[in-house]
Amino acid sequence: MLEIKNVYKTFNAGTVNEKVALNGLDLTLQDGDFVTVIGGNGAGKSTMLNAVAGVWPIDMGKILIDGQDVTRLSEHKRAKYIGRVFQDPMMGTAATMGIDENLALASRRGMARTLRTGITKKEHEEYHELLKTLELGLEDRMTSKVGLLSGGQRQAVTLLMATLKKPRLLLLDEHTAALDPKTAAKVLALSDKIVHENHLTTLMITHNMKDAIRYGNRLIMMYEGRIIYDVRGEEKANLQVSDLLQRFEQVSDGDFANDRMLLS
Amino acid sequence: MDIMALVNALPGAVAQGLIWAIMAIGVYITYRVLDIADLTVDGTLCTGGAVCVVCMLAGWNVWASILAATCAGLLAGFVTGIFHTFMGIQPILAGILTQLALWSVNLKIMGKANQAINVDKYDLLVSLRYIKDVPFYQNTIFVVAIVIAVLIALLYWFFGTELGCGIRATGCNANMARAQGINTNLNKVIGLMVSNGLVALSGALLAQYQGFADINMGRGSIVIGLAAVIIGEALLSRVFHNFALKLLSVAVGSIVYYLVYQVVIWCKVDTDLLKAFSAVVVAIFLAVPYWKRRFTKPTVAAKGGEKNA
């Protein structure tokens, strides 16, 4: 479904700040895979997601979605296939626009934007029902500006936006990291529910190893721009946090102690 | 000081304020909707006036001339948009470049620095002379008010369409817009075009109103536009939340600006100082929201209550 083939990306090439973010990355996702991604800071997790989303061009390699080469496709054109939720709750929504308007924008992902009305009455009713499923009471304040919502509420809305028009691929970039633990758990459970109900192929970055084990059918660990560990199915289900830590220690020669992965 | 002199000058001030309101609405679209400070407008205003006057002198109908002026504005906005999106130049610099180029273009359009048009010989839509002693439907204040009403209705419709919503999203959060499949570059170009089209339309009316187009007529107009936007918001943002009403408040801001301007002139203030005065007033108003954020405690809403998520 998604194929990342030998992808390289270096930031600030030729300067003192040169950083090889992706170093010959290879990854193939099957249809319906829910993959959790872990790895230390600077391992290239977010870079991988941004490369797939087309935020900037990659230096080398190929990215295919459903067999179609999207490597040279611009970000907004790739959006047709991809739903995204970001780490920063501010990033996924238009703060000065209403909840309903944000959803309407998302429901037109991948379609030509014409001079037809931006949000129809029928849509309004659909969104009302949809927001009810969040159980956050947002259905009663649909025309409120998204900027007035809390971080957790915004992430929930962004999640709906990313999946409103069923994407071929869902990219979740530490989307609960900026939330308090209770809210994070809620948003994560909601993500899991949406992914399963729609059978979405998903890449989810998390820095919480327990979550990485608990959710999804496959887990990958990244280090220095590559995948160094890839487990699925039964084997993944039986993983312990200590296994992951050990695994990481092996490859990173102990410089792992400084990493915030320890926190989880 | 003769109070009647002031009273007599007020209708003229209102008419001018209304004509500049169209320009200010254009500024609102770039400054508030797209979040770009577009300096092209200083040149576009004159382009609009120049094209309109030259077309009319060539025997064109007044409406056709105004349309041609508006199209010239669309083109100027397009050029700035290309500078910014395709060539990657910062928006403020892109605008300055177009503005500079327009200086030459405007001179070439007019053939000289000032091109007059006689209200007695040509059938103008608006004029200084159409303020008093004309039937109401010919009165410049009435005519321009109708034009503004139509423009606000059109813009309200446009920014409610799929395309218009995309432009608003682009200005609000370009990352999110791209993630939702919106071509942000295209939308910025369209926004800049609409804005400059409006400014040129305003210039076309202004040239008719004062009876000439002048190479300097647009100088500093961005400041007047911003002043109108800011005054309108200061006066009405608490009561006007709807997009159409926000545009209306810009128009009100423009009229208030010219009324105050008239009062200042009436007080015999040295008119050479007026531009400096406008700049200082706008600077202070722009600083107020910044100071508010800096020197007051953050409100509960600003902290983003995570608890109720």
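Residues numbered from 1 in each chain as written. Chains lettered and ligands numbered in written order. Predicted model: local features only at pLDDT ≥ 70, side-chain atom pairs only at ≥ 80, totals over all residues. Heavy atoms only, no water.

## With respect to the overall build of chain A
Counting its regular elements, chain A contains 9 helices and 10 strands. Structurally, chain A occupies a C-alpha span of about 60 × 40 × 35 Å along its principal axes. Scored against the burial criterion, the 264 residues of chain A give a buried share of 52%. When contacts within chain A are restricted to residue pairs at least 6 apart in sequence, long-range pairs at least 24 apart make up 67% of them. Total accessible area on chain A is roughly 11,800 Å²; 49% of this is exposed by carbon and sulfur atoms. (Helix = DSSP H or I, 4+ residues; strand = E, 2+ residues; numbered from the N terminus. Buried < 20%, exposed > 50% of the residue type's maximum accessible area, 1.4 Å probe, protein only. Contact = heavy atoms within 4.5 Å. Areas by Shrake-Rupley, 256 points an atom, 1.4 Å probe, with all protein chains shown as cover.)

## Here we look at the overall build of chain B
Secondary structure assignment for chain B yields 12 helices and 2 strands. N-terminal to C-terminal, the α/β element order of chain B is α-α-α-α-β-α-α-α-α-β-α-α-α-α. Radius of gyration (C-alpha) of chain B: 20 Å, near the 19 Å computed for a compact globule of 309 residues. In chain B, buried positions account for 52% of the 309 residues. Accessible surface computed for chain B: about 14,400 Å², of which carbon and sulfur atoms make up 67%. Treating the 20 positive side-chain charges of chain B as one cloud and the 13 negative ones as another, the clouds have centres 10 Å apart. (Rg over C-alpha atoms; globule rule 2.2 N^0.38 Å. Lys, Arg positive; Asp, Glu negative; His and termini not counted. Charge placed at Lys NZ, Arg CZ, Asp CG, Glu CD.)

## As for the interface of chain B and chain A
Across the contact, 24 residues belong to chain B and 38 residues belong to chain A. Here chain B meets chain A over a buried area of about 2,600 Å², counting both sides, of which 56% is carbon and sulfur. Counting across the interface, chain B meets chain A through 4 salt bridges. With its nearest N and O atoms 2.7 Å apart, the salt bridge here joins B:Arg168 to A:Glu101. For the interface between chain B and chain A, the tally reads 13 residue pairs in polar contact (both at pLDDT 80 or more). Counting residues per element, the ones that place at least two in the side of chain B that touches chain A are α5 (140–158), α6 (162–172) and α7 (174–179) of chain B. A total of 7 residues in the side of chain B that touches chain A trace back to one element, the largest contributor, which is α6(B). Of the residues that constitute the side of chain B that touches chain A, the class distribution is 10 nonpolar, 10 polar and 4 charged. (Buried area = accessible area lost by both parts, 1.4 Å probe. Salt bridge = Lys/Arg side-chain N within 4 Å of Asp/Glu carboxyl O. Polar contact = N/O pair within 3.5 Å; in protein donor to acceptor, adjacent residues only side chain to side chain. Nonpolar A, V, L, I, M, F, W, Y, C, P; charged D, E, K, R; others polar.)

## Comments concerning the pairing of strand β10 (residues 226–232) of chain A
Pairing of strand β9 (residues 218–223) of chain A with β10(A), which is carried by 6 bridges, proceeds in the antiparallel orientation. Following the sheet pairing, A:Met222 is matched in β10(A) by A:Ile227. (Pairing = 2+ DSSP bridges.)

## Things to note about the packing of aromatic side chains
Residues and elements named next belong to chain B. Under the definition given, this model contains 12 aromatic pairs over all chains. Seen from their ring centres, Phe-136 and Tyr-137 are 5.8 Å apart, and the 80° between their planes marks the pair as edge-to-face. Of the residues examined, Phe-136 reaches a relative accessible area of 57% and is grouped as exposed. Aromatic pair Phe-136 and Phe-142: ring centres 5.1 Å apart, planes at 75°, arrangement edge-to-face. Taken together, the aromatic side chains of Tyr-28, Trp-157, Phe-158, Phe-159 and Phe-243 make up a single cluster linked through ring pairs. (Phe/Tyr/Trp six-rings, centres within 6.5 Å; stacked < 30°, edge-to-face > 60°.)

## A few points about the packing of helix α2 (residues 41–57) of chain B against helix α4 (residues 91–110) of chain B
All names here are of chain B. Running from N to C, α2 and α4 cross one another at 15°; their axes reach a closest spacing of 9 Å. Considering the angle they form, α2 stands roughly parallel to α4. Pair α2 / α4 crosses with left-handed handedness. From α2, Asp-42, Gly-43, Thr-44, Cys-46, Thr-47, Ala-50, Val-51 and Val-54 reach across to α4, where they touch Gln-99, Leu-102, Asn-106, Ile-109 and Met-110. Here the contact of α2 with α4 is built from residues that sort into 7 nonpolar, 5 polar and 1 charged. (Axes fitted to C-alpha atoms, helices over the stretch in contact; angles between N-to-C directions. Parallel < 35°, antiparallel > 145°, perpendicular 65-115°, else oblique. Left-handed = near helix turned anticlockwise from the far one by under 90°.)

## As for the pairing of strand β6 (residues 82–85) of chain A
All names here are of chain A. Taking every second residue as pointing to the same face, both faces of β6 are buried, with Ile-82 and Arg-84 on one and Gly-83 and Val-85 on the other. Two elements, β6 and strand β7 (residues 169–173), share 4 bridges in a ladder whose sense is parallel. Looking across to β7, one finds that Gly-83 is bridged to Leu-170.

## Focus on the side chain of A:Thr206
All names here are of chain A. Mapped onto the secondary structure, Thr-206 falls in the loop between β8 (201–205) and α7 (209–214). Side-chain polar atoms of Thr-206 contact the backbone nitrogen of Asn-208, separated by 2.9 Å. If sequence neighbours within four positions are ignored, Thr-206 has contacts with Val-37, Ile-38, Glu-174, Asp-211 and Ala-212.

## Examining the side chain of A:Asp173
Residues and elements named next belong to chain A. Position of Asp-173 relative to the elements: it lies in strand β7. Buried charge without a partner: Asp-173 forms no salt bridge, and the closest opposite charge is Lys-45, 7.3 Å away. Excluding residues within four positions of it along the chain, Asp-173 makes contact with Ser-46, Leu-49, Val-85, Phe-86, Gln-87 and Ile-205.

## With respect to unusual backbone geometry
All names here are of chain A. Even without being glycine, Asn-6 reaches a positive phi, approximately 50°. The exposure class of Asn-6 is partly exposed, given its relative accessible area of 34%. Unlike most non-glycine residues, Glu-224 shows phi in positive territory, near 45°. As for its placement among the helices and strands, Glu-224 is situated in the loop between β9 and β10.

## Here we look at the sheet that holds strand β3 (residues 34–39) of chain A
All names here are of chain A. Taken in spatial order, the 6 strands line up as β6-β7-β8-β3-β9-β10 in an open sheet, and their pairing is mixed. Edge positions in the open sheet fall to β6 and β10, since each of these has one partner strand only. Along the sheet, successive strands turn relative to each other by an average axial angle of 20°, direction set aside. As paired strands, β3 and β8 are joined by 4 bridges and run parallel to one another. In the sheet register, Thr-36 faces β8, and the bridge partner there is Met-204. The strands that helix α1 (residues 45–53) touches are β3, β6, β7, β8 and β9; relative to β7, the one it contacts most, it runs at about 145°. Those strands touched by helix α6 (residues 181–198) are β3, β7 and β8, and its axis lies near 140° from that of β3.

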